Every structure is written in C-alpha cells, then in structure tokens.
Amino acid sequence: MKSYYSKRHNVGTFVPINQLRVGMLIHLSYTNFGCVWKITSIEPKNSKNETWLNLSSPTSGKTKRTNAKYATYIRADENQLTL
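In what follows, the accompanying structure is described. (Residues numbered from 1 in each chain as written. Predicted model: local features only at pLDDT ≥ 70, side-chain atom pairs only at ≥ 80, totals over all residues. Heavy atoms only, no water.)

1. Observations concerning the overall build of the protein chain
Stage number 1. The helix and strand tally for the protein chain stands at one helix and five strands.
Stage number 2. Taken from the N to the C terminus, the helices and strands of the protein chain come in the order α-β-β-β-β-β.
Stage number 3. When each of the 83 residues of the protein chain is scored for burial, the buried share is 31%.
Stage number 4. Element-wise, carbon and sulfur atoms account for 52% of the exposed surface of the protein chain, whose accessible area totals about 5,500 Å². (Helix = DSSP H or I, 4+ residues; strand = E, 2+ residues; numbered from the N terminus. Buried < 20%, exposed > 50% of the residue type's maximum accessible area, 1.4 Å probe, protein only. Areas by Shrake-Rupley, 256 points an atom, 1.4 Å probe, with all protein chains shown as cover.)

2. Observations concerning the environment of Y70
Stage number 1. Inspection of the secondary structure assignment puts Y70 in the loop between β4 (63-67) and β5 (71-72).
Stage number 2. Along the sequence, Y70 and T31 sit 39 residues apart, while their C-alpha atoms lie 9.5 Å from each other.
Stage number 3. Setting aside residues no more than four positions away along its own chain, Y70 makes contact with F14, H27, L28, S29 and Y30. (Contact = heavy atoms within 4.5 Å.)

3. Remarks on the sheet that holds β5
Stage number 1. Read from one edge of the open sheet, five strands run β4-β3-β2-β1-β5, paired in antiparallel fashion. Strand pairing shows two members of the sheet lacking a second neighbour, β4 and β5, which therefore form its edges. (Pairing = 2+ DSSP bridges.)

4. Points about the side chain of S56
Stage number 1. Looking at the secondary structure, you find S56 in strand β3 (residues 52-56).
Stage number 2. Excluding its chain neighbours within four sequence positions, the residues that come into contact with S56 are W37, K38, T40, K62 and T63.

5. Remarks on the packing of aromatic side chains
Two aromatic rings are characterised by how far apart their centres lie and by the angle between their planes.
Stage number 1. In the structure shown here, the tally under the stated rule is one aromatic pair.
Stage number 2. Here the aromatic rings of Y30 and Y70 are separated by 5.0 Å at their centres, their planes lie at 85°, and the arrangement is edge-to-face. Taken together, the positions of Y30 in the loop between β1 (25-28) and β2 (37-42) and Y70 in the loop between β4 and β5 put the pair 40 residues apart, joining distant regions of the chain.
Stage number 3. Under the relative-accessibility criterion, Y30 is labelled partly exposed at 42%.
Stage number 4. What makes Y70 partly exposed here is its relative accessible area of 29%.
Stage number 5. The positively charged end of R65 is found above the aromatic ring belonging to W52, 4.4 Å away from the centroid. (Phe/Tyr/Trp six-rings, centres within 6.5 Å; stacked < 30°, edge-to-face > 60°. Lys NZ or Arg CZ within 6 Å of the ring centre and 35° of its normal.)

6. What to know about the pairing of β1
Stage number 1. Both β1 and β2 contribute to a ladder of two bridges, which runs antiparallel. Directly across from I26, in β2, lies its bridge partner W37.
Stage number 2. As judged from the two bridges shared by β1 and β5, these two strands associate in the antiparallel manner. Of the residues in β5, the one forming a bridge with L28 is A71.

7. Considering unusual backbone geometry
Stage number 1. Non-glycine residue N49 carries a positive phi angle of around 65°.
Stage number 2. In this fold, N49 is placed in the loop between β2 and β3.
Stage number 3. Looking at N49, the relative accessible area reads 56%, which means it is exposed.

Set out below in structure tokens:
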C-alpha cells in the first residue's frame, strides 16, 4: 500500500519527454523527493535516442546532468497544467 505522501504528491509519476521545458521544476526518481531541480537546458537526442537534461538546484545552485527518463513531476496535479 502506498504511503500518504506518495498518494498526495503522486511521487514517481514520470514526465513525458515531450512535456519537458526549460525552466520547469522537477524531481529525479533516483534522488530524495525533497530535492527540486530546474531544467536549464535540454540536449538533442543522441545516437542512443536518449535525451539529457542540464539542471540546477534553485536553492543551492548545484548543477547536474541526467537522463530525461528520470524526471518526475513535483506535484500530483502538475501534469494537468499547460506550461
């Protein structure tokens, strides 16, 4: 059974690649869901058909590069919004 937090925030709902936008706030499925990342750029698909994201943390300023397949919504209803 899912915990209250998981139900409320829809933890683990992946963002479709075609809905990712520069400036969008996301979580990463492999990190603590308290960590929020802002997409600073989206790289074109590579030879393996992978899309990579360049991210920064709005609070600490740390940067990260990760595969777009790990991007998840930060709120349960965010996938309903038009960005």
